[in-house]
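Tertiary structure, described
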Amino acid sequence: MAILPIRIYPDPVLRVKCRRVETFDDGLRKLAANMVETMHAAPGVGLAAPQVGVDLRLAVVDVSVGEDPAALRVLVNPEVVRREGSETDTEGCLSLPGITDKVDRPLAITLKAQNLKGEPFELDAEEYLARAICHEIDHLDGILFTDHLRGLRKERVRRQLKKLAAEQEVAV
Ligand code: NI
């Protein structure tokens, strides 16, 4: 396994609408394993394939950050089929270092996805897990958490993103 470089804003791959996974092979399993290792090393609670430069509908989520193996979720072609309630809480993103803000998300969701063998499953998630999953699914559609901000928060984050983009230009 390997730790992959995480793509940072404004990398264009973060704005791509990712393709559905159609081939469930060793390449997919290796990518997922590397994404899990990369997420745990970061450390983070979720990582989506475009964040490591791959435009596929694949995300990994682990709200225990490696503490509890049972908490790991690998989501292939995930789709939210039920949303209930809403809750506002703080989010950050490994692709937006240094930026956090409050985002509205559903309090509970039901998800349809496939595992790494292509087998379909359903998952009910609440609160923090639901939030993490919604955040990662957004990535698969090229959406960043900052896109959800409105009003003064939007203005503030616009300045932060501009600064981050300028730093990335210097880094390259
Ligand atoms: Ni993110």
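My aim in this report is to walk through the structure given alongside it, one point at a time. (Residues numbered from 1 in each chain as written. Predicted model: local features only at pLDDT ≥ 70, side-chain atom pairs only at ≥ 80, totals over all residues. Heavy atoms only, no water.)

1. Quick notes on the coordination of the nickel ion
- On the protein side, the nickel ion has Cys93 (SG), His135 (NE2) and His139 (NE2) as donor atoms, found 2.1 to 2.3 Å from it.
- Between consecutive donor residues of the nickel ion, the sequence gaps follow C-x41-H-x3-H. Of this pair, Cys93 sits in the loop between β4 (87–92) and β5 (100–105) while His139 sits in helix α2 (residues 127–140); the two residues are 46 residues apart in sequence, bridging distant segments of the chain. (Donors = N, O, S within 2.8 Å, 3.2 Å for Na, K, Ca; no water. Helix = DSSP H or I, 4+ residues; strand = E, 2+ residues; numbered from the N terminus.)

2. Some words on helix α1 (residues 26–41)
- Helix length check: α1, at 16 residues, gives a terminal C-alpha distance of 22 Å against a target of 22 Å (1.5 Å per residue), a fit within 8%.
- Among the residues making up α1, those that are buried are Leu28, Leu31, Ala32, Asn34, Met35, Val36, Thr38 and Met39.
- Of the surrounding secondary structure, the elements contacted by the buried residues of α1 are β1 (46–48), β2 (58–61) and β3 (73–84).
- The backbone nitrogen of Gly27 lies 3.2 Å from a side-chain oxygen of the residue at the head of α1, namely Asp25. (Expected span 1.5 Å × (residues − 1). Buried < 20%, exposed > 50% of the residue type's maximum accessible area, 1.4 Å probe, protein only. Contact = heavy atoms within 4.5 Å. Polar contact = N/O pair within 3.5 Å; in protein donor to acceptor, adjacent residues only side chain to side chain.)

3. As for the environment of Val80
- Residue position: Val80 is located in strand β3.
- With relative accessibility at 15%, the residue Val80 sits in the buried group.
- Sequence separation of Val80 and Ala41 is 39 residues, and the distance between their C-alpha atoms is 27 Å.
- Sequence-distant contacts of Val80, that is, excluding residues within four places in its chain, are made with Ile109, Thr110, Leu111 and Ile137.

4. What about the nonpolar core?
- Met35, Leu47, Leu58 and Val60 are the most contacted members of the largest nonpolar core, which has 15 residues in total.
- Within the residue set of this core, elements represented by two or more residues are α1 and β2.
- The element contributing the most residues to this core is α1, with 6 residues.
- If we skip the residues at most four places from it in the chain, Leu58 touches Leu28, Leu31, Ala32, Met35, Ala48, Ala49, Val74, Leu75, Val76 and Leu140. (Core = buried A, V, L, I, M, F, W, Y, C linked by side-chain atoms within 4.5 Å.)

5. Concerning α2
- Between the first and last C-alpha of α2 there are 21 Å, a value that for 14 residues agrees with the 20 Å anticipated at 1.5 Å per step.
- When you tally the buried positions in α2, you get 12 out of 14 residues, the bulk of the element.
- Buried residues of α2: Leu129, Ala130, Arg131, Ala132, Ile133, Cys134, His135, Glu136, Ile137, Asp138, His139 and Leu140, and no others.
- Among the residues trailing α2, Gly142 stands out with phi positive, at a value near 75°.

6. Digging into the sheet that holds β2
- Overall, antiparallel pairing links the 5 strands, which are arranged β1-β2-β3-β6-β7 in an open sheet. The outermost strands of the open sheet, each flanked by one partner alone, are β1 and β7 (120–126). Put simply, the sheet's adjacent strands are angled 35° from each other on average, direction ignored.
- Running over the sheet, α1 touches β1, β2 and β3 and is turned about 40° from β2.
- On top of the sheet, α2 reaches β1, β2, β3, β6 (108–114) and β7; it is set at about 125° to β7, its chief contact. (Pairing = 2+ DSSP bridges. Axes fitted to C-alpha atoms, helices over the stretch in contact; angles between N-to-C directions.)

7. Some points on the pairing of β6
- Most of β6 is tucked away, with 6 of its 7 residues classed as buried.
- Between β6 and β7, which pair antiparallel in sequence order, lie 5 residues; one of them, Gly118, sits at a positive phi of approximately 90°.

8. Concerning unusual backbone geometry
- Backbone torsion omega between Tyr9 and Pro10 reads 5°, so that peptide bond is classified as cis.
- Position of Pro10 among the secondary structure elements: in the segment before α1.
- In this structure, the amide linkage connecting Ala42 to the following residue, Pro43, adopts the cis form with an omega of -10°.
- One can find Pro43 in the loop between α1 and β1.
- Here Asn77, not a glycine, exhibits a phi torsion of approximately 50°, which is positive.
- Take Asn77: it is sitting in strand β3.
- The phi angle at Glu127 is positive, at roughly 50°, despite the residue not being glycine.

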